[in-house]
Amino acid sequence: IKPMYNSLPFILNTLLYPSLFGYELQAVDTAVMEKGLYNDKEILGLETFQNQMAIFDSIPYQDQVDDLMRYVNDGWGALKEEMKTMTANYYKEDIQAMYDFMLEHDSSLSRNYLDIFLFDRNNAWIPQIENLSKDKAAFYAVGAGHLAGDEGVISLLRDKGYILTPIY
């Protein structure tokens, strides 16, 4: 129960997205997974749902509440603008701009806990990617925010000697 309680502000925020934006949001990695299942491909995860929810055990509950209330108090305008900027950068395929925005924008959760949200997870994924890739070809779908920067998945894999080629 504790992980679910500690993630409550995040869950509330996410549950409000469809009414705020007028449509359901679907993560690209989820869409890729569904397509793979439809085509009878083996699907493995780099982390579990429990791992993802446990992230919030590491973030003080009050910080999560404060972040949520910042959006509530301004009528969700800041969240809508942040999502608009991130979406525009995503469609421009500008992962560096997405990364820079995460470093600079006003959300204390995104800015102050990038190590927990991104860097620690990226570093944990690399040994798994290496292990899963050594015997056969594999496709990995991660959120775009995990790709750029010195501690992004791309740099970490290149540091290990992998040659990565973007596909547009």
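Residues numbered from 1 in each chain as written. Predicted model: local features only at pLDDT ≥ 70, side-chain atom pairs only at ≥ 80, totals over all residues. Heavy atoms only, no water.

Undergrad: Can you tell me about the overall build of the chain, naming the residues and giving the values?
TA: The helix and strand inventory of the chain stands at 10 helices and 0 strands. In the chain, the succession of helices and strands from N to C terminus is α-α-α-α-α-α-α-α-α-α. Over its C-alpha trace the chain gives a radius of gyration of 17 Å, about what one expects of a compact globule, namely 15 Å for 168 residues. Summarising its shape, the C-alpha atoms of the chain cover approximately 50 × 40 × 35 Å along the three principal directions. Expressed as a percentage of the 168 residues in the chain, the buried residues total 30%. Sequence-distant contacts, at least 24 apart, represent 69% of the contacts inside the chain between residues at least 6 apart. Taken as a whole, the chain presents about 10,900 Å² of accessible surface, with 57% of it coming from carbon and sulfur. Distance between charge centres in the chain, computed from 13 positive and 25 negative side chains, equals 5 Å. (Helix = DSSP H or I, 4+ residues; strand = E, 2+ residues; numbered from the N terminus. Rg over C-alpha atoms; globule rule 2.2 N^0.38 Å. Buried < 20%, exposed > 50% of the residue type's maximum accessible area, 1.4 Å probe, protein only. Contact = heavy atoms within 4.5 Å. Areas by Shrake-Rupley, 256 points an atom, 1.4 Å probe, with all protein chains shown as cover. Lys, Arg positive; Asp, Glu negative; His and termini not counted. Charge placed at Lys NZ, Arg CZ, Asp CG, Glu CD.)

Undergrad: I'd like a description of the pattern of salt bridges, backed by residues and values.
TA: It is possible for side chains bearing opposite charge to pair when their charged atoms get close. Summed over the entire model, instances satisfying the criterion amount to 5 salt bridges. The salt bridge involving Arg-70 is made with Asp-67; its shortest N-O contact spans 3.9 Å. Linking Arg-70 with Asp-67, this pair stays in helix H5 (residues 61-73), spanning 3 residues, or about one helical turn. Residue Arg-70 is joined to Glu-82 by a salt bridge in which the shortest nitrogen-to-oxygen separation is 3.5 Å. (Salt bridge = Lys/Arg side-chain N within 4 Å of Asp/Glu carboxyl O.)

Undergrad: Got a sec to walk through the environment of Arg-158? Specific residues and values, please.
TA: Within the secondary structure, Arg-158 is located in helix H10 (residues 153-159). When the C-alpha atoms of Arg-158 and Ile-11 are compared, they prove to be 34 Å apart, with 147 residues separating the residues in sequence. One polar contact links the side chain of Arg-158 to the main-chain carbonyl oxygen of Leu-164, over a distance of 3.2 Å. (Polar contact = N/O pair within 3.5 Å; in protein donor to acceptor, adjacent residues only side chain to side chain.)

Undergrad: Tell me about a nonpolar patch on the surface, and name the residues and values.
TA: Together, Val-28, Val-32, Tyr-90, Tyr-91 and Phe-139 make up a nonpolar patch on the protein surface, roughly 550 Å² of accessible area in all. Elements with a minimum of two residues in the nonpolar patch: helix H3 (28-38) and helix H6 (77-91). Position of Val-32 among the secondary structure elements: in helix H3. (Patch = residues over 30% accessible without salt bridge, like charges linked within 9 Å, V, L, I, M, F, W, Y side chains within 5 Å.)

Undergrad: Run through the side chain of Glu-47, naming residues and quoting values.
TA: Considering the arrangement of structural elements, one finds Glu-47 in the loop between H3 and helix H4 (49-54). For Glu-47, the side chain forms a polar contact with the side chain of Gln-52, separated by 3.1 Å. With residues near it in sequence (within four places) discarded, Glu-47 still touches Gln-52, Arg-121 and Trp-125.

Undergrad: Describe the confidence of the model for the chain, with residues and values.
TA: Per-residue confidence for the chain gives a mean pLDDT of 85, with 92% of residues at or over 70. Averaged pLDDT values for the elements of the chain fall to 57 in helix H1 (residues 2-6) and rise to 97 in H10. (pLDDT = per-residue confidence, 0-100.)

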